[in-house]
Amino acid sequence: MLFAFIALLMLFFVKVDNRFFETVSRALLCGGALYYSLNSYKQKKAVTVLMAIMLFVGIIYNPIKVPRLPQGVWVGLHIVTMALFYIISLRTPLDESKVTRVKDEADEERDHTASE
């Protein structure tokens, strides 16, 4: 959800020439897209369409070599990126793995102390 908000901010500030904000936003969006793709690949061991699209988003938003695109194309990319990150945030719960891991560790500790 945070990355969707960053894409929304970039959409609003598309006419403002603030290099610092633009570079930080690109780095966050690039990192978020690449993190999602790599984490999904580790979990599924297969490449999905959404994973490939997020890799493309990561390449487009890289802060090192910024592609020169017309402003109208950037507006469209910001909207699509915002929608993609929103869809991903709906599909992947934030803390489910942490909660499950903590419960599993607590169960293991209880079983270990019960067996002694």
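All residue numbers refer to positions counted from 1 along the written sequence of the respective chain. Side-chain atom pairs in this predicted model are given and counted only at pLDDT of 80 or more, local residue features only at pLDDT of at least 70, and totals for whole chains, interfaces and linings cover all residues. Computation of side-chain values covers all heavy atoms of the structure but excludes hydrogens and water.

A.B. asks: Would you explain the overall build of the chain in this entry?
C.D. replies: Put simply, DSSP marks the helices as runs of H or I at least four residues long and the strands as runs of E at least two long, and each gets a number from the N terminus on. For the chain, the helix and strand inventory stands at five helices and zero strands. Listed by position from the N terminus, the elements making up the chain come as α-α-α-α-α. Remark: exposure states derive from per-residue accessible area (1.4 Å probe, protein chains only) relative to the maximum for the residue type, with buried under 20%, exposed over 50%, and partly exposed in between. Counting every position in the chain, which comprises 116 residues, the buried fraction comes to 25%. Sequence-distant contacts, at least 24 apart, represent 63% of the contacts inside the chain between residues at least 6 apart. Accessible surface is estimated by sampling points in the Shrake-Rupley manner with a 1.4 Å probe; for residues, cover comes only from the protein chains shown. As presented, the chain carries roughly 8,400 Å² of accessible surface, and 66% of it is formed by carbon and sulfur atoms. Should any heavy atoms of two residues lie within 4.5 Å, those residues are counted as being in contact.

A.B. asks: For this particular structure, what's the right way to read the confidence of the model for the chain?
C.D. replies: Predicted coordinates in regions of low pLDDT should not be interpreted in detail. What pLDDT reports is the predictor's confidence in each residue, on a scale of 0 through 100. Across the chain, the average pLDDT comes to 77, with 73% of residues at 70 or higher. Across the chain, the element-wise mean pLDDT spans from 58 in helix H5 (residues 96-115) up to 88 in helix H3 (residues 49-60).

A.B. asks: Quick question: what am I supposed to make of the packing of H3 against helix H4 (residues 71-91) here?
C.D. replies: Each pair of packed helices gets described by two things: the angle between the helix axes and the distance between those axes. Note on definitions: angles span 0 to 180 degrees between N-to-C directions of axes, and those axes are lines fitted to C-alpha atoms, for helices only across the stretch in contact. For the pair H3 and H4, the least separation of the axes is 11 Å and the interaxial angle reads 135 degrees. Here H3 is positioned oblique relative to H4, judged by the angle of their axes. Where H3 crosses over H4, the two elements pack in a sense that is left-handed. Contacts between H3 and H4 involve Leu50, Ile53, Met54, Val57 and Ile60 on the former and, on the latter, Trp74, Leu77, Thr81, Leu84, Phe85, Ile88 and Arg91. An angle counts as roughly parallel when it lies under 35 degrees, as roughly antiparallel when it exceeds 145, as roughly perpendicular when it falls between 65 and 115, and as oblique in every other case. By convention the crossing between two helices is left-handed if the near helix lies anticlockwise of the far one by an angle smaller than a right angle, and right-handed if it lies clockwise.

A.B. asks: Before we go on, may I ask you to explain the nonpolar core in this structure?
C.D. replies: What tends to happen in soluble globular proteins is that the nonpolar side chains get buried as a cluster. Counting 18 residues, the largest nonpolar core has Leu29, Met54, Tyr61 and Phe85 as the members making the most contacts within it. Per-element tally for this core: the top contributor is H4, with five residues. When near neighbours in sequence (up to four residues on either side) are disregarded, Leu29 contacts Phe3, Ile6, Ala7, Met10, Tyr61, Thr81 and Phe85. Nine residue types can take part in a nonpolar core, namely buried Ala, Val, Leu, Ile, Met, Phe, Trp, Tyr and Cys, and a core is a set of them joined through side-chain atoms within 4.5 Å.

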